Amino acid sequence: MNASDERPFGVGDPRDFLEIDALLDDEERMLRDTVRRFVDDRVLPDVADWFEEGTFPRDMAKDLGALGLLGMHLEGYGCAGASATAYGLACLELEAGDSGARSFVSVQGSLAMFPIWRFGSEEQKQRWLPPMAAGEVIGCFGLTEPDSGSDPASMRTTARRDGGDWVLNGTKMWITNGSIADVAVVWAREPETSAIHGFIVPTDTPGFSAPEIHRKLSLRASITSELVLDDVRLPDEARLPEVATMRGPLSCLNEARYGILWGAMGAARACYEAALDYAGSRIQFDVPIASFQLTQRKLVDMMVKVNKGTLLALHLGRMKDRGQLSSTHVSFGKMDNVREALWVAREARGVLGANGITLEYPVIRHMNNLESVYTYEGTNEIHTLVLGQAITGISAFRA
Amino acid sequence: MNIVVCAKQIPDPAEPGELDPETKTLKRDGKLILDESDMYGVEMALQLADNAGGGEVTLVSMAPDNKVDGIRTGLAMGAAKAVLVSDPALAGTDALGTAKVLAAAVGKVEGADLVLTATESSDGYTGTVPEQLAELLGLPSVTFAKHIEIADGKVKVQRQTDAGYDEVECPLPCVVSVTAGVVEPRYPSFKGIMAAKSKPLDQLALADTGLEADQVGWAGGGQEIVGVEDAPEREAGEIIEDDGTGAEKIVAYLENLKLV
Ligand SMILES: Cc1cc2nc3c(=O)[nH]c(=O)nc-3n(C[C@H](O)[C@H](O)[C@H](O)COP(=O)(O)OP(=O)(O)OC[C@H]3O[C@@H](n4cnc5c(N)ncnc54)[C@H](O)[C@@H]3O)c2cc1C
Ligand SMILES: Cc1cc2nc3c(=O)[nH]c(=O)nc-3n(C[C@H](O)[C@H](O)[C@H](O)COP(=O)(O)OP(=O)(O)OC[C@H]3O[C@@H](n4cnc5c(N)ncnc54)[C@H](O)[C@@H]3O)c2cc1C
């Protein structure tokens, strides 16, 4: 007999059933609580309006920077240098607000700052990273093209040498933050050598434009754009010197996906909690709808998926902090946590009945957002194939 | 400009508080957080030190069981160091006893130019500690500050009143109590959070304060809680049927309460 046997029958914290909180240290909890408070104060009151209007408040960048959220897992150059687990917890809390806010932070930190931090020259780091960490300079990441999505190595954007300069031509598609960015990290192929180079492109460079993509029904509280590169001339100092293969963009994506596997559980938690609260107060047939077995099954399945996914995220976070996390582990987390989050969101949507389709409740906003999260940073299918190859040794990417 | 801020650590008001039936006081054995009332003092102190071009902000706190979570929040916001007094003998200490302990703790901070408190705490809210503290330290004090400026060895305080504010000046060092809500407390930054655990935290027992056990705790309390009762159930309100004079009756009712 030990103490845990004496805990009363039939109790459990509906908001933290597996007591995952106890697996965090004081510093992680304080950081998590700080982001949660920020989201409560600054995101939740207005996010339904941003979603409806299809905007993201640019001035929030400085507030996110002051907190230390931008590039928070990077060392030096004004970055906070937090652990991978702390970065994950922050992503979870942000996405419990909205996937748009988390996307902003993922793109800035993992897709725009990370390549400069990892593959940039000392001068490039000094020039760009501190203002990006402070949120004074907004970045974006251009890899996907109209005809090159899951197979980014098929990209057509070119970078040709011209004397000491480079000249970029091509179109990038679906680029988060594109139209509000001050600087774009653009990946392009050098036709002569087939090398893949990353360029730091100030968005006021002649020949660069970033028209916004409208009529999205998902991730509306986030700016998505096309990047048009029409003879964009750059000095060699704009090229990231330390990488010249697809490893460059893929390593950035690996960082961002790691944040997503946490973030998705934030969205899922918000949906589950909304459904739980709603089911407890909505009366039909004279009783709260939580009284029905069918509803309880839904709530329990949601609760179990949120707890399991969060435990998975924490496990992967601890592995990353120990330097043991591989990109296939990240695929495991991205694939499973996002699809489970989407399942939870759809189930919660049903529990809320008609209220489940309005922006008065967070659920359909998260549900629609997660459709983007399901696709970007490697679709669910692509991560499945990554894992399939890992366990069978057979690549199934090409028919 | 060295500023001391009194930082009370209290049970999270978001969680249902519980009274200990034995001692009839609030149970404080769970996690304690920084009283929101004191966040304004911390924010103001950080701004004043910044404007003065330097100086340190030190937190002082008295709390059971060496609890530090709330202090860490203040350190993460930017305070440089903290003094915590904790001792089993302090259980039951009343407001005056608290002021004695805090005065002793402030005395451990070298070169303090200014001591900030909240006007009242969120859990005990006697609102008496600031004045008691000033008296024990032998310092002048100003209460209900909504704005503080420091120049030429003086504080200039906008002291909140029912009608607006008074402008009050007072020589340093002094004790000023800060009204809740007058500044926007910053969020602790991640760098601040990570730095907080390596900032100096001076943990004192009662013996280190020079106070005796009979000056504090149950023994030192000039008061005793003899009973605790539930608040009376709210009585049913008065229902006014509108027969054409409804508005007049409501006005008369409010006038009676001196609300209009
Ligand atoms: C809101 C949003 C923001 C984005 N932000 C960015 C950004 O900031 N930067 C950036 O570079 N990109 C961004 N993207 C692009 C995103 O990364 C791509 O949409 C994604 O990689 C998928 O590419 P695709 O849309 O061209 O789909 P496709 O690759 O055309 O895929 C279509 C379908 O075919 C499936 N499929 C493809 N190949 C295979 C295969 N071998 N086997 C089985 N199924 C397969 C896919 O899984 C998918 O279901 C964003 C996308 C969205 C929606
Ligand atoms: C009979 C009795 C028994 C009590 N028993 C206990 C007990 O067992 N354990 C226990 O922890 N408390 C106990 N308390 C409460 C504790 O003593 C209070 O801190 C004290 O009474 C101060 O009262 P207050 O919070 O109303 O101060 P207020 O005058 O409302 O506080 C004004 C400001 O003074 C500062 N301040 C006040 N207290 C502190 C503090 N402790 N540390 C730092 N700054 C402070 C803060 O800036 C605060 O906002 C007891 C109180 C009474 C009356």
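Nothing here was measured: the structure is a model prediction, and the numbers come from that model.

1. Examining the overall build of chain B
Phase 1 of the analysis: Secondary structure assignment for chain B yields 8 helices and 11 strands.
Phase 2 of the analysis: Summarising its shape, the C-alpha atoms of chain B cover approximately 70 × 45 × 40 Å along the three principal directions.
Phase 3 of the analysis: With 260 residues in all, chain B has 38% of them scored as buried.
Phase 4 of the analysis: A sequence separation of at least 24 residues applies to 71% of the contacts in chain B between residues at least 6 apart.

2. Considering the domain arrangement of chain A
Residue and element names in this part refer to chain A.
Phase 1 of the analysis: Entries for chain A in the domain assignment read domain 1 (12-133), domain 2 (139-245) and domain 3 (248-392).
Phase 2 of the analysis: Put simply, the middle of domain 1 and the middle of domain 2, counted by C-alpha atoms, are 24 Å apart.
Phase 3 of the analysis: Counting residues at the interface gives 24 residues for domain 1, matched by 19 residues for domain 2.
Phase 4 of the analysis: When residues of the side of domain 1 that touches domain 2 are traced back to their parent elements, those giving at least two are helix H2 (47-53), helix H5 (99-119) and helix H6 (122-133).
Phase 5 of the analysis: A breakdown of the residues in the side of domain 1 that touches domain 2 according to their chemical character gives 14 nonpolar, 8 polar and 2 charged.

3. Focus: unusual backbone geometry
Phase 1 of the analysis: For the bond running from leucine 172 of chain B to proline 173 of chain B, omega is -10°, close enough to zero to count as cis.
Phase 2 of the analysis: Tracing the chain through its elements places proline 173 of chain B in the loop between strand E9 (165-171) and strand E10 (174-178).
Phase 3 of the analysis: In this structure, tryptophan 174 of chain A is a non-glycine residue whose phi angle is positive, near 65°.
Phase 4 of the analysis: Its location among the elements puts tryptophan 174 of chain A in strand E3 (residues 165-176).
Phase 5 of the analysis: Look at tryptophan 174 of chain A and you get buried, because 20 C-beta atoms sit within 10 Å.
Phase 6 of the analysis: Although it is not a glycine, phenylalanine 144 of chain B adopts a positive phi angle of roughly 55°.
Phase 7 of the analysis: As for its position among the elements, phenylalanine 144 of chain B is in strand E7 (residues 141-151).
Phase 8 of the analysis: Look at phenylalanine 144 of chain B and you get partly exposed, because 19 C-beta atoms sit within 10 Å.

4. Details of the site of ligand 2
Residue and element names in this part refer to chain B.
Phase 1 of the analysis: Lining the immediate environment of ligand 2, one finds 32 residues, of which Ala118, Ser121, Gly124, Thr126 and Val129 sit closest.
Phase 2 of the analysis: Taken together, the elements giving at least two residues each to the shell around ligand 2 come down to helix H1 (36-51), strand E4 (57-62), helix H3 (95-107), strand E6 (114-118) and helix H4 (129-137).
Phase 3 of the analysis: Top element by residues in the shell around ligand 2 is H3. It accounts for 3 residues.
Phase 4 of the analysis: Residue composition of the shell around ligand 2, grouped by class: 12 nonpolar, 14 polar and 6 charged.

5. Considerations on the interface of chain A and chain B
Note: interface size is frequently given as the accessible area lost on complex formation between the parts.
Phase 1 of the analysis: Contacts between chain A and chain B engage 13 residues on the former and 12 residues on the latter.
Phase 2 of the analysis: Of all elements in the fold, only helix H1 (26-43) and helix H3 (60-67) of chain A reach the threshold of two or more residues within the side of chain A that touches chain B.
Phase 3 of the analysis: In terms of residues, the side of chain A that touches chain B owes the most to one element, H1 of chain A, which gives 7 residues.
Phase 4 of the analysis: Counted by class, the side of chain A that touches chain B contains 8 nonpolar, 2 polar and 3 charged residues.

6. Quick look at helix H9 (residues 327-351) of chain A
Since one α-helical turn is 3.6 residues long, residues separated by three or four positions face the same way.
Residue and element names in this part refer to chain A.
Phase 1 of the analysis: Along its 25 residues, H9 runs 36 Å from first to last C-alpha, staying within 8% of the 36 Å computed at 1.5 Å per residue.
Phase 2 of the analysis: The buried fraction of H9 amounts to 18 of the 25 residues, a majority that puts the element mostly inside the structure.
Phase 3 of the analysis: One or two steps after H9, the chain reaches glycine 353, where phi turns positive at roughly 55°.

7. Things to note about the packing of helix H7 (residues 247-281) of chain A against H9 of chain A
Residues and elements named next belong to chain A.
Phase 1 of the analysis: Remark: H7 packs on H9, axes separated minimally by 8 Å, with the N-to-C direction vectors making an angle of 20°. Relative to H9, H7 is oriented roughly parallel. With respect to the hand of their crossing, H7 and H9 are arranged in left-handed fashion.
Phase 2 of the analysis: Classifying every residue of the contact of H7 with H9 by side-chain character gives 20 nonpolar, 4 polar and 3 charged.

8. Quick look at the site of ligand 1
Residue and element names in this part refer to chain A.
Phase 1 of the analysis: Not every one of the 21 residues close to ligand 1 is listed here, only the nearest: Leu143, Gly149, Ser150, Thr379 and Glu381.
Phase 2 of the analysis: Those elements that provide at least two residues to the shell around ligand 1 are strand E1 (139-142), E3, helix H10 (363-375) and helix H11 (380-392).
Phase 3 of the analysis: For the shell around ligand 1, the class distribution of residues is 10 nonpolar, 9 polar and 2 charged.
Phase 4 of the analysis: Formed jointly, the shell around ligand 1 draws a minimum of three residues from each of two domains, domain 2 (139-245) and domain 3 (248-392).

9. Observations concerning the pairing of strand E4 (residues 183-189) of chain A
Residue and element names in this part refer to chain A.
Phase 1 of the analysis: For E4, a buried count of 7 out of 7 residues is recorded, marking the element as mostly surrounded by other parts of the structure.
Phase 2 of the analysis: Alternating positions in E4 separate into two faces, Val183, Val185, Trp187 and Arg189 on one and Ala184, Val186 and Ala188 on the other, with burial throughout.
Phase 3 of the analysis: The sheet contact formed by E1 and E4 spans 4 bridges and is parallel. The residue bridging cysteine 140 from the neighbouring strand is alanine 184, located in E4.
Phase 4 of the analysis: Where E4 and strand E5 (residues 196-202) come together, 7 bridges link them in antiparallel fashion. By the bridge assignment, alanine 188 is partnered in E5 with histidine 197.
Phase 5 of the analysis: Joining the antiparallel neighbours E4 and E5 is a turn of 6 residues, in which serine 194 adopts a positive phi near 65°.

Conventions we followed
Residues numbered from 1 in each chain as written. Chains lettered and ligands numbered in written order. Predicted model: local features only at pLDDT ≥ 70, side-chain atom pairs only at ≥ 80, totals over all residues. Helix = DSSP H or I, 4+ residues; strand = E, 2+ residues; numbered from the N terminus. Buried ≥ 20, exposed ≤ 12 C-beta atoms within 10 Å, placed from the backbone. Contact = placed C-beta atoms within 7 Å. Domains from an automatic or database assignment. Nonpolar A, V, L, I, M, F, W, Y, C, P; charged D, E, K, R; others polar. Near = placed C-beta within 6 Å. Expected span 1.5 Å × (residues − 1). Axes fitted to C-alpha atoms, helices over the stretch in contact; angles between N-to-C directions. Parallel < 35°, antiparallel > 145°, perpendicular 65-115°, else oblique. Left-handed = near helix turned anticlockwise from the far one by under 90°. Pairing = 2+ DSSP bridges.

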